[in-house]
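As a plain string of letters, each chain reads:
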Amino acid sequence: MYKVAEWFVSINGEGRRAGEPAVFIRFVGCNLACSYCDTAWAISENAEHKERTLEEIIEYVENSGITNVTLTGGEPLLQNGIEDIVLELIGRNHRVEIETNGAVSIKAMYNLADKYSMMDELSVTLDYKCPGSGMEAFMDMDNYEHLRPEDTVKFVVCDRSDLDKAREIIEKYDLVERCAVYLSPVFGRIESREIVEYMIEHKMNGVKHQLQQHKFIWPPDARGV
């Protein structure tokens, strides 16, 4: 059984497929508590949820008629049997994106993609929690050994110090040459203009600035979107 906080159909608000329709499966339980978390209600393992079987999840996705599936949280990689969901969905011609917080190993997903040659079908969006999150110390830096061209590293930034740290990590791990890289503002904490000006100042070629589209289409704290 899987602890599902909510499932819904919306658009991808960020990442490589931003603007495309997607089915979201949000699980409860997270091992971090970021200062700006916009799903803090789903952090606890005992947060409001429904226990769903693999079959129920697959049925919901199949009935949606949508190809893209985003597994999110909470922290989806804490769910026992997450690999079964991924394999079943991809076996049914869905593309699966896993949004993970950077403090859990992605090695199992890397091994899965490698074993079954799932290049375009499985992608990981890996957060790096900058200092403003209060969670930087928990980052699993071994994850950067497993990044593939299909994957993404996302930096959500609060201020210039976070931008400095993001640039340090991007350069240290040569991320632009290895995967997609995004800088996103913490909603209401930093202006996009400041991020763009910083990117130009430091000639951050290959890095993309991105807004969370769903927070402009719907109220920023709306659920199920």
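Look a little higher up for the structure.
What counts and how
- Residues numbered from 1 in each chain as written.
- Predicted model: local features only at pLDDT ≥ 70, side-chain atom pairs only at ≥ 80, totals over all residues.
- Heavy atoms only, no water.
- Phe/Tyr/Trp six-rings, centres within 6.5 Å; stacked < 30°, edge-to-face > 60°.
- Helix = DSSP H or I, 4+ residues; strand = E, 2+ residues; numbered from the N terminus.
- Pairing = 2+ DSSP bridges.
- Expected span 1.5 Å × (residues − 1).
- Contact = heavy atoms within 4.5 Å.
- 1 Å grid on protein atoms, 1.4 Å probe; cavity = no way out; pocket = protein on both sides within 12 Å on 5 of 7 lines; lining within 4 Å.
- Points joined across faces, edges and corners; volume = space filled by probe spheres on them.
- Nonpolar A, V, L, I, M, F, W, Y, C, P; charged D, E, K, R; others polar.

(A) Molecular detail of the packing of aromatic side chains. Across all of its chains, the model carries five aromatic pairs by this definition. Geometrically, the ring pair formed by Trp7 and Tyr60 is stacked, given 4.3 Å between the ring centres and 0° between the ring planes. Residue Trp7 is found in strand 1 (residues 2–11), and its partner Tyr60 is found in helix 1 (residues 54–64); the two are separated by 53 residues along the sequence. A ring pair is formed by Phe8 and Phe24, whose centres lie 5.0 Å apart and whose planes are at 10°; its orientation type is stacked. Note that Phe8 is positioned in strand 1 and Phe24 in strand 2 (residues 21–27), a separation of 16 residues in sequence.

(B) Focus on the pairing of strand 1. Bridging between strand 1 and strand 3 (residues 50–52) involves three bridges; their strand directions are antiparallel. The residue bridging Tyr2 from the neighbouring strand is Arg52, located in strand 3. Bridge count between strand 1 and strand 2: seven bridges; the pairing is antiparallel. Looking across to strand 2, one finds that Ile11 is bridged to Pro21.

(C) Representation of helix 4 (residues 160–172). Taking 1.5 Å as the rise per residue, helix 4 with 13 residues should run 18 Å; its terminal C-alpha atoms sit 18 Å apart, in good agreement. Against the buried residues of helix 4 lie strand 6 (122–128), strand 7 (152–157), strand 8 (180–185) and helix 5 (192–201). Two residues or fewer after helix 4 comes Asp174, characterised by a positive phi angle close to 50°.

(D) Representation of the layout of surface pockets. Put simply, the second largest pocket is a space of about 220 Å³. If you trace the second largest pocket, you find 16 residues lining it, with Arg16, Arg17, Asp120, Ser123 and Glu150 closest to the centre. Contributions of two or more residues to the lining of the second largest pocket are made by strand 4 (68–72), strand 5 (95–100) and strand 6. Here the lining of the second largest pocket is composed, by residue class, of three nonpolar, six polar and seven charged.

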